[in-house]
Amino acid sequence: MNKASIVALVAMPILLASCIKAEQANTECDIEAVSLHLEDPTNLFYHEYDTIQTVISTENDIVFVIRSYTNIQSVPVTFRITNGATLYVKDDNGVETLFQNGSSIDLSNERVYHFRVVSEDRVWSRDYSLSVVHDIPSEGNLTIDFEKYYLDSSGKYYIWDAPDVFTDGIWKNGNPGFKISKSSAKPMDYPSTPAAGQGPDGSDCLKLETCDTGPFGRMVNMRLASGSMFNGIFNVSLALTDALKATQFGSPFTHKPIQFRVWLRFEPGSFFQDRLGQLVEGVMDEPDAYVVLYRNEDAEGNKIQLDGNDVLSSPHIVALGRLPHYYNEDGTDKLSNAPIHGVTNEWQEFTIPVEYRAEIDAEVLENKGYSLIIGFASSWQGAHFMGAIGSKLYIDNIQLFCE
Amino acid sequence: MKHIVFTIVALFFLSISANAQEDRWEKWGPTTGLKGGGFIARVGYVLGGTTPIPLPAEIRKVNGFSPRGGISLGIDGYKMFTKRWGVSAGAHFFWEGFHTNADVKNYYVWLEQEGEVTKGYFTGTNVTSTEMWGVTLPLLATFRMSPKWNVSAGPYLSIYFHQTFSGEVFDNDEGIGYLREDKPTGAKILMSRENPTPYPDNFPEKMQPVALGIEIAFDWKAMKHLNVFGLLDWGMTDIWDRNFEAITFKMYPIYATIGAAYRY
């Protein structure tokens, strides 16, 4: 009999472990993806893949872009939402009615629909907007001065308006990722910040600074965050699992860039460190500035979007202009103690030629088959979490000349 | 839980009804006779876990559990006042701990390091390891259930010399692993086993240096000087500092020891 009691004592923790409670209702309420169903999508859209959108977790406004001279009518729309959540469509008076997935809505004349997703537990909800807008024809040449900036909705960091031709009209950078690691940072402590009155002409300019990511960054071997600025998408969801993929570069562009001019000023940090935070002897940090044009669709019609892995090395690149650097024989970046980028602590205007590797197909170009990237970094190896904390790159008065 | 308590109580009353001969009580007395005292030197294997009670609904599945450490060396002094009743007090030095792998859903985490805070709701796999070195000082009432069986119960105080508490989070077997920053509608930060996110290394600093609990011990006199024993230390105080926000539920150490003892 007493053997049984010993068994009972030993078994107790195991029994406890088996007391799993009933699963609670989901609390999340995301639209994860949206697709529009059309017979012949390329009549309206530039790419077939443009009818499907994956909605990243920080996005609330879902915008589809169609060709400027077309108009979309009523189309069936399918949403993928969190399991157990309910989707409502709101009318102009804010009255919500259940949305039957796959039912048609009239998206003509850029009409904006408002949706609300309510979680399975009915406690949480998210509001989304959905619209189909016309492409704004661009004249090609771009002039950018980073004068229009404001705090994001959380009030934590700055965002900058970008030319309309860029995805959602906003410059992207790693600030949303920095926010996760450095909760105490004030807006001016972020890697990408405005520098009021510090431009070469006394106007506002952009300042990128390589920053220490603090204890949480050390925990995951992402000890620094290079200041960055580019057009495309920053998917903060991937910041920890696949940081290189979090930066998705480029927006469709219908002109052929030939020359890139920009005013730059650079102060390197003194301690060039590797991913583990160790000093790399005899290496000077370098800034980066580049323009890339790449083919954004493969032979099977799949979307190509360059990310941190291949932004400067993808075989889909057709043209490239970049600050001068040393390269290894295999074409990879070569660290050095005497860089040749030529950017100094004094403002200078740089003219970077855009060099073509392949013929441009005029029809593909016209149909948004190429994407343009304009990118900057305060540490050129920042994507690999290498660089010198304190490296500062100031940027102003960008001009992109097209054919 | 109710079943276990019932089993123990039932065993206890069954034992009282055992109708043994008086000479057997003498023979298996403390060492000789019915009263008097002595010492019990114990060597044991410790097995258990530090767990919230009951398990919160956020814990969906326990994938794995394995003990860490598992050594207890102790000495108890005892004194029998009557044929059946006595007291004991002692010191049990231990090295105990466990490792567990559990799937969680919507598990609130609040991590603070050097003034930086990351918080939100995690869904995925959570791996935890803890080890504790210390001494437990029990003060027990002893009851002789039968000539060869003693049961003792009473409060104890544990003092920890060193504690570790580490772990990491990543995606579960279905590939689901993410943190919703701040709230369930916040940014969804994916986690993966290729690049797991560890707990901050300051967790042990947030652990209480002492614990109070109840010990219950069963001793079986196998030979004149040799006992076989099983005892349970059930912690009644949370292992975490009261103001520690990283873990929202209280966790209690519950460890059983089985072993052999020299009785004198």
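Residues numbered from 1 in each chain as written. Chains lettered and ligands numbered in written order. Predicted model: local features only at pLDDT ≥ 70, side-chain atom pairs only at ≥ 80, totals over all residues.

**Things to note about the overall build of chain B**
- Helix and strand counts for chain B come out as 2 helices and 11 strands.
- For chain B, the succession of helices and strands along the chain, N to C, is α-α-β-β-β-β-β-β-β-β-β-β-β.
- Reported as C-alpha extents along the three principal axes, the dimensions of chain B are approximately 75 × 35 × 30 Å.
- Per-residue burial over chain B gives 38% buried out of 264 residues.
- Of the contacts formed within chain B by residues at least 6 apart in sequence, a portion of 69% connects residues at least 24 apart. (Helix = DSSP H or I, 4+ residues; strand = E, 2+ residues; numbered from the N terminus. Buried ≥ 20, exposed ≤ 12 C-beta atoms within 10 Å, placed from the backbone. Contact = placed C-beta atoms within 7 Å.)

**Comments concerning the overall build of chain A**
- Secondary structure summary: chain A contains 5 helices and 30 strands in total.
- Overall, chain A is about 85 × 65 × 40 Å in size when its C-alpha atoms are taken along their principal axes.
- Across chain A, every contact between residues at least 6 apart in sequence was considered, and the portion connecting residues at least 24 apart equals 69%.

**Side note on the domain arrangement of chain A**
All names here are of chain A.
- For chain A, the domain assignment lists domain 1 (31-134) and domain 2 (142-402).
- If you average the C-alpha positions of domain 1 and of domain 2, the two centres end up 31 Å apart.
- Taken together, the 8 residues of domain 1 in the interface contact 12 residues of domain 2. (Domains from an automatic or database assignment.)

**Notes on the environment of S184 of chain A**
- Locating S184 of chain A in the fold gives a position in the loop between α2 (175-181) and β13 (192-195).
- C-beta crowding within 10 Å serves as the criterion here: with 10 such atoms nearby, S184 of chain A is assigned to the exposed category.
- Separated by 28 residues in sequence, S184 of chain A and K156 of chain A have C-alpha atoms that sit 9.4 Å apart.
- With residues near it in sequence (within four places) discarded, S184 of chain A still touches G115 and E116 of chain B.

**Observations concerning the nonpolar core**
Residue and element names in this part refer to chain A.
- By size, the foremost hydrophobic cluster in this structure holds 45 residues, and its most contacted members are L206, L264, V291, V292, I373 and I395.
- Among residues more than four places away in sequence, those in contact with L264 are P287, A289, V343, Q348, F350, L393, Y394 and I395.
- Counting 22 residues, the second-largest nonpolar core is a separate cluster that includes V34, V77, V117 and V132. (Core = buried A, V, L, I, M, F, W, Y, C linked by C-beta atoms within 7 Å.)

**A look at the sheet that holds strand β19 (residues 247-249) of chain A**
Residues and elements named next belong to chain A.
- Judged by pairing direction, the sheet is antiparallel, and its 3 strands sit side by side in the order β18-β19-β24 without closing on themselves. Each having just a single partner strand, β18 (232-234) and β24 (306-307) make up the two edges of the open sheet.
- Across 3 bridges, the pairing between β18 and β19 is antiparallel. Paired with G232 across the strands is F249, a residue of β19. (Pairing = 2+ DSSP bridges.)

**Digging into the interface of chain A and chain B**
- Each partner contributes to the interface: chain A provides 41 residues, whereas chain B provides 48 residues.
- Looking at the side of chain A that touches chain B, the elements with two or more residues in it are α1 (2-17) and α3 (214-219) of chain A.
- No other element matches α1 of chain A, which puts 11 residues into the side of chain A that touches chain B.
- Tallied by class, residues from the side of chain A that touches chain B come to 24 nonpolar, 12 polar and 5 charged. (Nonpolar A, V, L, I, M, F, W, Y, C, P; charged D, E, K, R; others polar.)

**A look at the environment of P163 of chain A**
Residue and element names in this part refer to chain A.
- With respect to the secondary-structure elements, P163 resides in the loop between β12 (158-160) and α2.
- Along the chain, P163 and L142 lie 21 residues apart, while their C-alpha atoms are 7.6 Å from each other.
- Contacts of P163, omitting those with residues within four sequence positions, involve L142 and I144.

**Re the pairing of strand β2 (residues 59-80) of chain B**
Residues and elements named next belong to chain B.
- Looking at chain direction, strand β1 (residues 36-51) and β2 are connected through 10 bridges and run antiparallel. Note that in β2 the partner of F39 across the bridge is G77.
- Where β2 lies against strand β3 (residues 85-113), 19 bridges are found, and the strand directions are antiparallel. Paired with F65 across the strands is T100, a residue of β3.

**Concerning unusual backbone geometry**
- In this model, I53 of chain B is joined to P54 of chain B through a cis peptide bond whose omega is -10°.
- Its location among the elements puts P54 of chain B in the loop between β1 and β2.
- Positioned with a positive phi, F146 of chain A is a non-glycine residue whose angle comes to about 55°.
- Here the phi dihedral of N106 of chain B falls at roughly 60°; this positive angle occurs in a residue that is not glycine.
- With respect to the helices, strands and loops of the structure, N106 of chain B is situated in strand β3.

**Notes on the sheet that holds strand β3 (residues 61-66) of chain A**
All names here are of chain A.
- What the 5 strands build is an open sheet, ordered β3-β9-β8-β5-β6; its pairing is mixed. The sheet is open, and its two edges are formed by β3 and β6 (96-98), each paired on a single side. The average undirected angle you get between the axes of adjacent strands in this sheet is 30°.
- Direction of pairing for β3 relative to strand β9 (residues 125-134): parallel, over a ladder of 6 bridges. From the neighbouring strand, V65 faces β9, where its bridge partner is V133. (Axes fitted to C-alpha atoms, helices over the stretch in contact; angles between N-to-C directions.)

**A closer look at the pairing of strand β14 (residues 205-209) of chain A**
All names here are of chain A.
- In terms of burial, β14 is largely enclosed, as 5 of its 5 residues are buried.
- Neither face of β14 is left uncovered, since the one carrying C205, K207 and E209 and the one carrying L206 and L208 both have all their residues buried.
- Bridge count for β14 against strand β30 (residues 392-402) is 4 bridges, and the pairing is antiparallel. Of the residues in β30, the one forming a bridge with K207 is Y394.

**Considering the environment of I56 of chain A**
All names here are of chain A.
- Residue position: I56 is located in the loop between β2 (52-54) and β3.
- You can call I56 partly exposed: it has 18 C-beta atoms within 10 Å.
- In this structure the C-alpha to C-alpha distance between I56 and A246, which are 190 residues apart in sequence, comes to 11 Å.
- Contact partners of I56, with chain neighbours within four places excluded, come to N235 and S237.

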